[in-house]
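Next come the chains, spelled out residue by residue.
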Amino acid sequence: SQELEQSPQSLIVQEGKNLTINCTSSKTLYGLYWYKQKYGEGLIFLMMLQKGGEEKSHEKITAKLDEKKQQSSLHITASQPSHAGIYLCGADLSGEYGNKLVFGAGTILRVKS
Amino acid sequence: ETGVTQTPRHLVMGMTNKKSLKCEQHLGHNAMYWYKQSAKKPLELMFVYNFKEQTENNSVPSRFSPECPNSSHLFLHLHTLQPEDSALYLCASSQVSGANVLTFGAGSRLTVL
């Protein structure tokens, strides 16, 4: 099984609708990073969360890290076609200096206009 | 433009060819990474260089040979690849090696015939 599980694997929403993507780990998340990827291109950094209960927002995207630090959610309000893409979570699962990030398999978001 | 440039963007090669992927960053970062992204699978970390020194080799087959001549440049030399090596190869950089924000290039799409 993967160290980071993302759900759903894919999502189709009508423009204007809200949606949530989840990232779950069996281990403590010492740092959680959300990225967005356009198909066939590189990843663009969205947000980083480190503290349990932390919540950050950027435009219409809000990310939260739960108190137990084992799950994060990404919420998009009033989705737009520009939100379409692949959303990936990456995490530090050890908290040790110099540790590498592991990533989830991604959630494909399509927005119908 | 993220500040991390990868060339070529697309590459088709036969199994007996030798080719190289190039990555260049203009961000003043000291750590550089190669990731492999295959369809519906999490990003796989391949190599990490920190201040030009390789600090991570994630059990990558020897047909992939990295080179980091300085902190701004990273190469991935390819030799006698297999069709299953076809994937998107992503280069990333960060201020220091470890769990902090990675800046990704747009990727090199490799097809092995």
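The shown structure was predicted, so the numbers you read here are calculated from the model rather than taken from an experiment.

What is the right way to look at the overall build of chain B in this model?
Counting its secondary structure elements, chain B contains zero helices and eleven strands. Secondary structure elements in chain B, listed N-terminal to C-terminal, are β-β-β-β-β-β-β-β-β-β-β. The C-alpha atoms of chain B give a radius of gyration of 13 Å, which matches the 13 Å a tight globule of 113 residues would have. Judged by the C-alpha coordinates and their principal axes, chain B covers about 35 × 25 × 25 Å. The buried share among the 113 residues of chain B stands at 49%. Pairs at least 24 apart in sequence give 54% of the contacts found in chain B among residues at least 6 apart. When the accessible surface of chain B is split by element, carbon and sulfur atoms take 50% of a total near 5,100 Å².

I tried to follow the interface of chain B and chain A on my own but got confused; where do I start?
Accessible area lost during the coming together of the parts is what is often quoted as the interface size. At the junction of the two partners, chain B supplies 23 residues and chain A supplies 22 residues. Of the roughly 1,700 Å² buried where chain B meets chain A, counting both sides, 61% is carbon and sulfur surface. Along the contact surface separating chain B from chain A lie zero salt bridges. Elements supplying a minimum of two residues to the side of chain B that touches chain A: strand 4 (31-37) and strand 9 (87-94) of chain B. Looking at the side of chain B that touches chain A residue by residue, the classes come out as twelve nonpolar, six polar and five charged.

Just to check I follow, could you spell out unusual backbone geometry for this structure?
If a residue is not glycine, its phi is most likely negative; likewise, a peptide bond is most likely trans. Omega for the peptide link from A:Ser7 to A:Pro8 comes to -10 degrees, which places this bond in the cis form. Inspection of the secondary structure puts A:Pro8 in the loop between strand 1 (4-7) and strand 2 (10-14). Going from B:Thr7 to B:Pro8, the amide bond is cis rather than trans, its omega being -10 degrees. Phi at A:Glu59 is positive, roughly 55 degrees, even though this residue is not glycine. Relative to the helices and strands, A:Glu59 resides in the loop between strand 6 (55-58) and strand 7 (61-65). Note on A:Glu59: relative accessible area 74%, which makes it exposed.

Help me understand the sheet that holds strand 7 (residues 64-70) of chain B in this model?
Either a parallel or an antiparallel arrangement is found when strands of a sheet pair, and the pairing is made through backbone hydrogen bonds. Residue and element names in this part refer to chain B. Within the open sheet, the four strands sit side by side as 1-3-8-7. Their pairing is antiparallel. The open sheet has two free edges, formed respectively by strand 1 (4-7) and strand 7, since each of these has just one partner strand. Across the sheet, the axes of successive neighbouring strands diverge by a mean angle of 15 degrees, strand direction being ignored.

Could you clarify how one ought to interpret the pairing of strand 9 of chain B in this entry?
The side chains of a regular strand alternate, residue by residue, between the two faces of the sheet. Residue and element names in this part refer to chain B. When you tally the buried positions in strand 9, you get eight out of eight residues, the bulk of the element. Residues Ala87, Tyr89, Cys91 and Ser93 point to one face of strand 9 and Leu88, Leu90, Ala92 and Ser94 to the other, with burial holding for every one of them. When strand 4 meets strand 9, the two strands line up antiparallel, connected through seven bridges. Within strand 9, the position partnered with Met32 by the bridge is Ser93. Looking at chain direction, strand 9 and strand 10 (residues 103-104) are connected through two bridges and run antiparallel. Looking at the pairing, Ser93 lines up with Thr103 of strand 10.

Could you clarify how one ought to interpret the pattern of salt bridges in this entry?
If charged atoms from side chains of opposite charge come close, those side chains can pair. All names here are of chain A. In total, this model carries five salt bridges over all chains according to the counting rule given. When the shortest N-O distance is used, the salt bridge between Glu55 and Lys64 registers 3.9 Å. A residue is classified by how much of its surface remains accessible, and Glu55, at 48% relative accessible area, is partly exposed. Lys64 sits in the partly exposed class, given a relative accessible area of 41%.

Quick question: what am I supposed to make of the environment of A:Ser72 here?
Residues and elements named next belong to chain A. On the secondary structure map, Ser72 appears in strand 8 (residues 71-76). As for Ser72 and Trp34, which are separated by 38 residues in sequence, their C-alpha atoms are 9.3 Å apart. Once residues within four sequence positions are removed from consideration, Ser72 is found in contact with Ile21, Asn22, Cys23, Leu32, Trp34, Leu49, Lys64 and Leu65.

What should I look at first to understand the state of the cysteines in this one?
The bond known as a disulfide is covalent and runs between the sulfur atoms of two cysteines. Per the counting criterion, the structure on display carries two disulfides over all chains. Note that A:Cys23 is cross-linked by a disulfide to A:Cys89, the S-S spacing being 2.1 Å. Here A:Cys23 and A:Cys89 share a disulfide; its torsion about the S-S bond, 75 degrees, makes the bridge right-handed. You can see A:Cys23 sitting in strand 3 (residues 19-25) and its partner A:Cys89 sitting in strand 9 (residues 85-92), a full 66 residues away along the chain. Residue class for A:Cys23 comes out buried when judged on its relative accessible area of 0%. What makes A:Cys89 buried here is its relative accessible area of 0%. Paired by a disulfide, B:Cys23 and B:Cys91 hold their sulfur atoms 1.9 Å apart. Judged by the sign of its S-S torsion, about -75 degrees, the bond between B:Cys23 and B:Cys91 is left-handed. One end of the pair, B:Cys23, is in strand 3 (residues 18-25); the other, B:Cys91, is in strand 9, and 68 residues separate them in sequence. Here the two residues B:Cys23 and B:Cys91 agree in accessibility, since each one is buried. Its sulfur unpaired, B:Cys68 is 9.1 Å from the next cysteine sulfur, which belongs to B:Cys91. Given the relative accessible area of 10%, B:Cys68 is considered buried.

Cut-off values and rules
- Residues numbered from 1 in each chain as written.
- Chains lettered and ligands numbered in written order.
- Predicted model: local features only at pLDDT ≥ 70, side-chain atom pairs only at ≥ 80, totals over all residues.
- Heavy atoms only, no water.
- Helix = DSSP H or I, 4+ residues; strand = E, 2+ residues; numbered from the N terminus.
- Rg over C-alpha atoms; globule rule 2.2 N^0.38 Å.
- Buried < 20%, exposed > 50% of the residue type's maximum accessible area, 1.4 Å probe, protein only.
- Contact = heavy atoms within 4.5 Å.
- Areas by Shrake-Rupley, 256 points an atom, 1.4 Å probe, with all protein chains shown as cover.
- Buried area = accessible area lost by both parts, 1.4 Å probe.
- Salt bridge = Lys/Arg side-chain N within 4 Å of Asp/Glu carboxyl O.
- Nonpolar A, V, L, I, M, F, W, Y, C, P; charged D, E, K, R; others polar.
- Pairing = 2+ DSSP bridges.
- Axes fitted to C-alpha atoms, helices over the stretch in contact; angles between N-to-C directions.
- Disulfide = S-S within 2.5 Å.

Remember that the coordinates give geometry; whether it matters functionally is a separate question.
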